[in-house]
Amino acid sequence: MAATILARRKNYYEVLEASNKQNEITNGLMWFASVAIEALRRTIATVEFLIDKTKMLDRLKGQLNDRQEKALLRMFREGPEGFRGGLTAGKYSTITGASPATTTRDLVDLVAKGALVREGERRHARYRLSVPING
C-alpha cells in the first residue's frame, strides 16, 4: 500500500492538509480507503499472475529449450503488464543470444505451445504472455 500512497503523494498531502484545516476527516478516510482498496486489487492481480505463471511453467515443463525458458522467465519478471510494447524478435534475440532464424523458430514454437500470443505481422509482430491480465 505504501507504493500506492507514494504514487499519489501530492494528492495525499492535499487531502491531509484539507482535513487539518477543516477538522473534518471524512474525506481523508475516504481517500485512504480508496487507496487501500486499490492496493488490495493490485495485490490480488499480482497473486493471480504468479499462479498463472506457475501453471504455465508446470504445463510446459520439459517442452522448452533453454532459450525459450530464459525468455519466458524474463518476460514474467516484468510482471502482469509485461514488456512495454511487447516482446519483439530483436528483444528475444538480445535476451537469448539466438540468431534471427533460431529466434523465429523459437517464437513460432512458443505461440504454438500457447505460451505467447502474437500480435501484428512481420516487422511489427509483438508477443505477449498468454496469461490474463487482471486488475
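Here, the structure is the one placed above.
So, a few notes on the structure that sits alongside this text. (Residues numbered from 1 in each chain as written. Predicted model: local features only at pLDDT ≥ 70, side-chain atom pairs only at ≥ 80, totals over all residues. Heavy atoms only, no water.)

### Observations regarding the nonpolar core
Ranked by size, the top nonpolar core spans 21 residues in total, and within it Leu-72, Leu-87, Tyr-92, Leu-110, Leu-116 and Leu-129 carry the most contacts. Contributing elements (two or more residues each) for this core: α3 (26-59), α4 (66-77), α5 (89-96), α6 (100-112) and β2 (126-129). (Core = buried A, V, L, I, M, F, W, Y, C linked by side-chain atoms within 4.5 Å. Buried < 20%, exposed > 50% of the residue type's maximum accessible area, 1.4 Å probe, protein only. Helix = DSSP H or I, 4+ residues; strand = E, 2+ residues; numbered from the N terminus.)

### Digging into the pattern of salt bridges
Counted under the stated rule, the structure contains six salt bridges. Salt-bridge contacts for Arg-67 lead to Asp-106; the nearest nitrogen and oxygen are separated by 2.7 Å. Note that Arg-67 is positioned in helix α4 and Asp-106 in helix α6, a separation of 39 residues in sequence. Note on Asp-106: relative accessible area 5%, which makes it buried. Between Glu-121 and Arg-118 there is a salt bridge, and its shortest N-O distance comes to 3.8 Å. (Salt bridge = Lys/Arg side-chain N within 4 Å of Asp/Glu carboxyl O.)

### Some details on the side chain of Thr-88
Summarising the element assignment, Thr-88 is placed in the loop between α4 and α5. Apart from residues lying up to four places away in sequence, Thr-88 is in contact with Ala-125 and Arg-126. (Contact = heavy atoms within 4.5 Å.)

### Description of the pairing of β2
On β2, burial follows the alternation: Tyr-127 and Leu-129 on one face are buried, whereas Arg-126 and Arg-128 on the facing-out side are not. For strand β1 (residues 116-119) and β2, the ladder comprises four bridges, and the chain directions are antiparallel. The residue of β2 that forms the bridge with Leu-116 is Leu-129. Connecting the antiparallel pair β1 and β2 is a turn made up of six residues, with Gly-120 showing a positive phi of about 90 degrees. (Pairing = 2+ DSSP bridges.)

### Describing the packing of aromatic side chains
This model, assessed by the stated rule, comprises one aromatic pair. Between the aromatic rings of Phe-49 and Phe-76, the centroid separation amounts to 5.6 Å while the plane-to-plane angle is 55 degrees, which identifies the pairing as tilted. Residue Phe-49 is located in helix α3, and its partner Phe-76 is located in helix α4; the two are separated by 27 residues in the primary sequence. In this pair, the class of Phe-49 matches that of Phe-76, namely buried. (Phe/Tyr/Trp six-rings, centres within 6.5 Å; stacked < 30°, edge-to-face > 60°.)

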